[in-house]
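Okay, here's what each chain looks like letter by letter:
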Amino acid sequence: MSLSDIELRILGSLLEKERTTPDGYPLSINALVLACNQKTNREPVSHHPQRDIEDALLGLRDKGLARSFRAAGERVTKHRHRLDEAFDLGPREFALLAVLMLRDRQTPSELRNRTERYLDFPDLESVETCLERMLQYRPPLVQNYSRGPGQSQDRWGHTLGVDPEKLRPRVRQATDQAEAAGPQPSQPSQLERLEREVAALKDRLERVMNHLGLAPEEPPP
């Protein structure tokens, strides 16, 4: 799954609000814009305009990850995620996934502190157990990025974003094909082609003069 930054921010915000402010969930478009661009519990802080969020919601609906609806008697369309239908995860895993979407790579200690608003992890071991379970998911939902400078714990991140490696031009393929074909004959340079043409003309002129019985002209001293 390759989700854009704005799609990740929308899903992370919907997951967060569902669990931290359930009375206001699902969200109106105004509430969703505020949630995506809020200055707390976000890294980096974004400034997505409403039009961009509406376009991203359309893409998420096409992928089956979001739903927009208007309940009977209401005038405002509401929006909710459908991650619970896409992934067989428990509340703890969804809490970790939400915080990872909103802040990206973090240590287990940071994840434990930042999910306190969602639910309670009794200890670091329970956080690591959930991360390992998400790592065993097929395809994996998280990745271990090892320790950062000055950190004593490994950093973890989600795998739902766009993979930069897949966006790089595949220049190696042409090289592999050339190697498989074996060494290629070198092409003559322009000077070498001219020298060959001059030599051929001289040879042809000499044959013509011999045929006419004419001696070749001696070059000047």
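Right, let's walk through the structure included here. (Residues numbered from 1 in each chain as written. Predicted model: local features only at pLDDT ≥ 70, side-chain atom pairs only at ≥ 80, totals over all residues. Heavy atoms only, no water.)

All right, on to the packing of aromatic side chains then. Two descriptors summarise a pair of aromatic rings, namely the distance from one centre to the other and the angle between the planes of the rings. Applying the stated criterion across every chain yields a total of 1 aromatic pair. Relative to Tyr 137, the ring of Phe 87 lies with its centre 6.0 Å away and its plane at 85 degrees, an arrangement referred to as edge-to-face. Of this pair, Phe 87 sits in the loop between α4 (83–86) and α5 (91–103) while Tyr 137 sits in the loop between α7 (124–135) and β4 (142–147), placing them 50 residues apart in sequence. Above the face of the Tyr 145 ring, Arg 105 is positioned so that its terminal group lies 3.5 Å from the ring centre. (Phe/Tyr/Trp six-rings, centres within 6.5 Å; stacked < 30°, edge-to-face > 60°. Helix = DSSP H or I, 4+ residues; strand = E, 2+ residues; numbered from the N terminus. Lys NZ or Arg CZ within 6 Å of the ring centre and 35° of its normal.)

Here Tyr 25 and Pro 26 are connected by a cis peptide whose omega angle stands at 0 degrees. Within the fold, Pro 26 resides in the loop between α1 (5–20) and β1 (27–28). The linkage connecting Glu 43 with the following residue, Pro 44, adopts the cis geometry, with an omega of 0 degrees. Looking at the secondary structure, you find Pro 44 in the loop between α2 (29–37) and α3 (50–62). One non-glycine residue with positive phi stands out, namely Asn 41, at about 60 degrees. Looking at the secondary structure, you find Asn 41 in the loop between α2 and α3.

Counted by the stated rule, this structure contains 13 salt bridges. Of the charged contacts, one joins Lys 17 and Glu 16 as a salt bridge, the two residues approaching to 3.5 Å between their closest N and O atoms. In this structure, Lys 17 and Glu 16 share a single accessibility class: buried. Residue Arg 147 pairs with Asp 154 through a salt bridge whose shortest N-O separation is 3.7 Å. Exposure remark for Arg 147: the relative accessible area of 53% places this residue in the exposed category. Overall, Asp 154 belongs to the partly exposed group, its relative accessible area being 29%. A single salt-bridge network, built from bridges that share partners, covers Glu 16, Lys 17, Arg 42 and Arg 117. (Salt bridge = Lys/Arg side-chain N within 4 Å of Asp/Glu carboxyl O. Buried < 20%, exposed > 50% of the residue type's maximum accessible area, 1.4 Å probe, protein only.)

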